[in-house]
Amino acid sequence: MSKYYILTYGCQMNKSDSEKYAGIFESLGYKSAEFIEDADVILLNTCSVREKAEEKVIGKLGELKKIKVKKPNILIGIAGCMAQRVGEEFLNKFPYIDFILGSYSFSKLPLVLRNLSLERKPQIIIEKDPIPEDIPWYLSKRESSFQAWIPIIYGCNNFCTYCIVPYLRGREKSRPKEDIIEEAKNLAQRGVVEITLLGQNVDSYGKDLGNTDLADLLEELHKIDGIKRIRFLTSHPRDVSLKLINTVAKLEKVCPHWHLPLQAGSNRILQKMRRGYTYEEYYELINLIRKIIPYSSFSTDIIVGFPGEEEEDFEKTRKALEEIKFDTVNLAIYSKRPGTVAEKFDDPIPYEKKKEWFNELENLQRRIILEKNENLVGKEEIILAEDVNPKNPEEILGRTQNYRIVFFKGERKNLGKFFLVKIIKAGLWSLKGEIVKELK
Ligand code: SAH
Ligand code: SF4
Ligand code: F3S
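Values in this document were obtained by computation on a predicted structure and should not be read as measured data. (Residues numbered from 1 in each chain as written. Chains lettered and ligands numbered in written order. Predicted model: local features only at pLDDT ≥ 70, side-chain atom pairs only at ≥ 80, totals over all residues. Heavy atoms only, no water.)

J.: Run through helix 13 (residues 351-376), naming residues and quoting values.
T.: At 3.6 residues per turn, the α-helix brings residues three or four places apart onto the same side. Over its 26 residues, helix 13 runs 37 Å from end to end, which matches the ideal 38 Å to within 8%, given 1.5 Å per residue. Buried residues in helix 13 make contact with strand 13 (297-304), helix 12 (311-324), strand 14 (328-333), strand 15 (380-388), strand 18 (418-426) and strand 19 (431-439). Phi turns positive, to about 95°, at Gly378, one or two residues after helix 13. (Helix = DSSP H or I, 4+ residues; strand = E, 2+ residues; numbered from the N terminus. Expected span 1.5 Å × (residues − 1). Contact = heavy atoms within 4.5 Å.)

Here it is as structure tokens:
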């Protein structure tokens, strides 16, 4: 029996896409390989958001050459955002690649494999303007039996000047509400207790459908028996509505955790990024959410060293982190992406300086997190037991509503269940807790 192995880079959407590819492999009779060396087909599901993400793929392709020399019959395929961007040119440097599939070419995998079984010749299927396209949800092979990603909207219309995603993922396209609800109901029947709704900009959900939005969708999903926790990401600060905030406040299954990428604290830079809000507006939104839902938590993305950023702009970002005190900050040094508007911007600040700024923000955020984590000691949190601690088989790892990792004594049979856990110790990256009781 043939075996497949998928390596996934990039965002949650890519993780969800890899579950689709896995499902398609299985529907063709393939089994998942435990080790990459045992696979007959290796698929790299790639990311292009920053140069570093692409370098990882290139490094991996170098390694895979050795496997290919040892096992010439193995098939190597590339899918996802970098495949969409680089396309055929991959073959110049890596002639041993057997197939390349663009952003939404899931349904072409069977064809490509069939063609390769008839003739060993690289297969390339990439739509120039990718149209977000779904495959039946039940084809996905989900990694977890009790947690599930559910994409609700594909693509992006925002064209922030630094970002390559809209070029690779096409324009926004919402999935029909009935499809999403049917998927969630079926997942619940199979034991899924937590769902995470995915989109580059989930607040845009429904705009292209008319007559519905994310708040309505959350209301519907909230009614499903069996689903106990609902998350959603990413929110665009410009598009979060009062209706959505009030809905999240009202629905107890919906985690009041907001992933709201700020990107920069300086209005001059925000404007050059074409983000569509000022820092003051962003801060007001955070305060509004905190007022309506006091136990809300916030995570964000920050780009350090955007072209033309100066010391005083950087200072504003630093102040923003101090002022807002995010629960998580994803920091990234600006990376020039081909074809974007910012590619042409002057970028005089040397990389070393950007690295200094990056380190400064990282240290600041560490202090903030440690302080926040220490404040949790003694508190009781609702935790879904997600996995066994890979470093200690007697411990379970789970997350609080606001995404903090907590370790506590437990066994494999606890996985997929909710517990009330008392936090007893705080670290930088995780908390320690003890079970108070199991929640039904
Ligand atoms: N749709 C989401 C996330 C998209 S990509 C949003 O609007 O925020 C995830 C993060 O990658 C972005 O939030 C941004 O912080 C970062 N990013 C995107 N392009 C980048 C670039 N060219 N250089 C550095 N970071 C980038
Ligand atoms: Fe990229 Fe901006 Fe769209 Fe996010 S909203 S995917 S950062 S263009
Ligand atoms: Fe990367 Fe594509 Fe996601 S570029 S961040 S994998 S949408």
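The rest of the description comes next.
J.: Describe a positive patch on the surface, listing the residues and the values that go with them.
T.: On the surface, Arg50, Lys52, Lys56 and Lys355 cluster together to form a positively charged patch. Overall, the relative accessible area of 37% leaves Arg50 in the partly exposed class. (Patch = residues over 30% accessible without salt bridge, like charges linked within 9 Å, V, L, I, M, F, W, Y side chains within 5 Å. Areas by Shrake-Rupley, 256 points an atom, 1.4 Å probe, with all protein chains shown as cover. Salt bridge = Lys/Arg side-chain N within 4 Å of Asp/Glu carboxyl O. Lys, Arg positive; Asp, Glu negative; His and termini not counted. Charge placed at Lys NZ, Arg CZ, Asp CG, Glu CD. Buried < 20%, exposed > 50% of the residue type's maximum accessible area, 1.4 Å probe, protein only.)

J.: Help me get a handle on empty space enclosed by the protein, residues and values and all.
T.: Applying the stated criterion across every chain, the model contains 1 cavity of 30 Å³ or more. In this structure, the largest cavity is lined by 13 residues; those nearest its centre are Lys20, Ser140, Arg142, Pro151 and Glu183. Contributions of two or more residues to the lining of the largest cavity are made by helix 1 (12-27) and strand 7 (147-151). For the lining of the largest cavity, the class distribution of residues is 5 nonpolar, 2 polar and 6 charged. Looking at the lining of the largest cavity, you find at least three residues from each of domain 1 (3-125) and domain 2 (137-369). (1 Å grid on protein atoms, 1.4 Å probe; cavity = no way out; pocket = protein on both sides within 12 Å on 5 of 7 lines; lining within 4 Å. Points joined across faces, edges and corners; volume = space filled by probe spheres on them. Nonpolar A, V, L, I, M, F, W, Y, C, P; charged D, E, K, R; others polar. Domains from an automatic or database assignment.)

J.: Break down the layout of surface pockets for me, with residues and values.
T.: Approximately 890 Å³ is the volume attributed to the second largest pocket. In terms of lining, the second largest pocket is formed by 28 residues, of which the most central are Glu19, Arg142, Glu143, Ser144 and Trp149. Of all the secondary-structure elements, those providing two or more residues to the lining of the second largest pocket are strand 1 (3-8), helix 1, strand 7, strand 10 (194-198), strand 15 and strand 16 (395-399). When grouped by side-chain class, the residues that make up the lining of the second largest pocket number 11 nonpolar, 7 polar and 10 charged.

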